[in-house]
Amino acid sequence: MKSRKNYFLLSLSLLTATLVIFNILAFFISSSVFLSLSMTSISFILVNIIFLYRQDFRYRIEALEKVKLEESMRQLEDELKILSIKNSEMDDALQIDLDEKQDFNRIFNHAIYAYELFEKGKIVFDKLIKVIAQKTEEVMFDISDEIDQLSSNGEKLEDNIERFLKKVSKGDDSLEDAIKSLKSEVREVMSIDDIFKDLETHYNKDMNKISKSIHDIKDYSENISDIADKSGLLAINASIEATRAGAAGKGFFVIANEMQELSKISKSTSEKIYEMMEEIAKMIDFSYENQRASISNVVNHLDNSKAVLERVSDSLTVKIEGMDHEIDDARDISREMKEILDLALMKMQMQDPITQMMAHSQLLIDEINKKITDRISNIKDYSLPEDEIFSDIKNIISNLFTIQDEWDAIKTLDIPQLHSDDDVIEGGIELF
Amino acid sequence: MNSRILSIDDSPTMRMLIRKALKEDEYEIIEAENGQEGLDLAQHEEFSLIFVDVNMPIMDGFSCVEGIRAMSQNRETPIVFLTTVNSKDKMEKGKTLGANGWIVKPFEPEPLRKLVKVMIKK
Ligand SMILES: [Mg+2]
């Protein structure tokens with residue numbers, strides 16, 4: 001542009017110079033030719049000046065437009081700067097909002113975790129306790145049968161000895177061998193008395209343990225209420241956070257309310273478990289007392305028989321007749337008593353799995369309580385995969401359960417791939 | 001001298017029942033009420049057979065058997081688990097630890113007596 005302008009300026013200067021030369025020549029020569037040439041030059045100059053002026057005008061406009069454009073570019077840049085500041089502010093705000101949301105999500109995930117774990121654990125506990133109660137009742141009544149039989153045989157034995165005594169006092173002929181035989185049979189029965197006394201002491205120890213466990217578990221069901229309280233507390237915390245978040249937290253607030261409702265329901269269920277446990281404890285105490293009374297009844301009968309026999313032996317003259325019948329009776333009674341005792345001994349082993357199940361149900365509540373407490377105190381450190389509750393309850397159960405009755409107790413629950421019937425050892429003895 | 005049998009179980013009833021079941025055959029039965037006690041006894045005394053429960057306080061049957069098998073004098077001693085535990089994988093664990101057998105409670109006295117005879121003859 002500038003070079004064009006210079007070119008016009010140069011040509012204008014040349015024309016002006018030519019015009020001056022022609023004017024000087026026209027003045028000195030007074031020629032009309034030079035004059036007309038001068039006139040032509042003037043018109044050229046004018047055209048050039050007009051052209052030049054227009055050029056310049058265009059340049060000016062262009063320059064002006066350029067300034068305007070630059071200015072608006074600057075404005076635009078400024079606006080963009082402001083926008084980008086606003087944008088990053090918005091980004092930050094968005095991030096904060098997202099973090100808060102994630103925080104709420106975490107809290108609710110943990111609240112839901114605590115609640116779900118508690119609910120699942122409670123169902124397992126409930127099932128286990130029912131099996132324990134049922135098995136305890138079975139053991140109590142089963143053994144009661146044997147004890148009753150032993151008791152009535154003890155009475156029979158007393159009658160037998162009494163009859164024997166009456167015959168002896170009549171002073172019949174000497175039957176020393178028969179007396180020896182009877183004495184040995186009766187001695188056999190007396191050894192059952194020793195076994196039973198031994199059994200009474202040891203069995204009492206174990207049954208005391210079971211009774212104590214029942215009362216312990218009753219206290220544990222109070223613990224369940226604590227857990228329900230904890231998930232309720234979690235829900236309250238979450239709802240406070242949600243309220244703080246304002247409108248964005250409305251959804252959370254609803255969930256939190258729901259959670260509180262659920263934990264209220266949990267609490268009332270655990271109170272029902274507590275009541276149930278109280279009933280079971282009473283029932284077990286009652287049948288245990290009955291059983292203890294029958295055991296001591298048997299021991300009394302056997303003790304009486306022993307005393308009577310000792311008296312017989314002491315006062316025994318040598319004249320006895322027709323003792324065969326009494327000897328046979330005594331032999332039958334002692335055989336029968338041994339069989340009954342064997343059966344009772346088998347059934348008494350059932351207290352062992354019951355004791356185990358009680359220990360396991362206490363540990364179950366302990367484990368769940370530990371997990372929930374841990375979760376609540378470290379709430380920000382956890383992320384929660386979806387299947388964690390499932391795997392947690394699965395882990396707790398498979399670490400604890402060792403008895404078929406325990407697996408049977410939770411068979412109906414929706415906890416997959418824990419244990420199959422194929423994993424059970426059939427029959428009593430396995431040699432490697 | 002009578003064969004000596006170590007019976008390790010936390011339940012007094014179970015210990016008594018084992019004693020009663022084996023009494024007639026005239027064994028000397030020594031009892032321990034948890035894994036640790038059993039381990040101590042196996043360390044200092046000699047036994048022809050060891051019965052061991054799984055669920056016990058202080059030390060369970062698995063740790064107990066592991067400890068007993070680690071003792072040079074007990075590498076060959078027959079050890080039989082006598083327990084309420086009836087899952088196959090726990091039994092496999094017992095086998096891996098070096099036990100010779102697994103009995104699920106409740107046991108019957110007669111088969112137990114037969115097993116003791118077989119085990120001690122070995
Ligand atoms: Mg045990």
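Residues numbered from 1 in each chain as written. Chains lettered and ligands numbered in written order. Predicted model: local features only at pLDDT ≥ 70, side-chain atom pairs only at ≥ 80, totals over all residues.

**Examining the pairing of strand β5 (residues 101–104) of chain B**
Burial of the side chains of β5 of chain B extends over both faces: G101 and I103 of chain B are buried on one face and W102 and V104 of chain B on the other. As paired strands, strand β1 (residues 429–431) of chain A and β5 of chain B are joined by 3 bridges and run antiparallel to one another. Along β5 of chain B, the bridge assignment pairs E430 of chain A with W102 of chain B. Where strand β4 (residues 79–83) of chain B and β5 of chain B come together, 4 bridges link them in parallel fashion. Across the sheet, V80 of chain B pairs through a bridge with G101 of chain B, a residue of β5 of chain B. (Buried ≥ 20, exposed ≤ 12 C-beta atoms within 10 Å, placed from the backbone. Helix = DSSP H or I, 4+ residues; strand = E, 2+ residues; numbered from the N terminus. Pairing = 2+ DSSP bridges.)

**Describing the confidence of the model for chain A**
Here chain A averages 67 in pLDDT, while 33% of its residues score no lower than 70. Low pLDDT, under 50, characterises residues 316–321 of chain A; the stretch is placed with 21 contacts to residues that sit more than four places away or in other chains. (pLDDT = per-residue confidence, 0-100. Contact = placed C-beta atoms within 7 Å.)

**Concerning the sheet that holds strand β3 (residues 49–52) of chain B**
Think of a sheet as strands paired side by side through backbone hydrogen bonds, with each pair either parallel or antiparallel. Spatial ordering of the open sheet is given by β1(A)-β5(B)-β4(B)-β3(B)-β1(B)-β2(B), a layout of 6 strands whose pairing is mixed. One side of each edge strand has no neighbouring strand; the edge strands of this open sheet are β1 of chain A together with β2 (28–32) of chain B. Across the sheet, the mean angle separating the axes of adjacent strands is 20° when strand polarity is ignored. Here strand β1 (residues 4–8) of chain B pairs with β3 of chain B via 4 bridges, running parallel. Pairing of S7 of chain B across the sheet is with F51 of chain B, part of β3 of chain B. Taken strand by strand, helix α5 (residues 109–121) of chain B contacts β1 of chain A together with β3 and β4 of chain B, and its axis lies near 135° from that of β3 of chain B. (Axes fitted to C-alpha atoms, helices over the stretch in contact; angles between N-to-C directions.)

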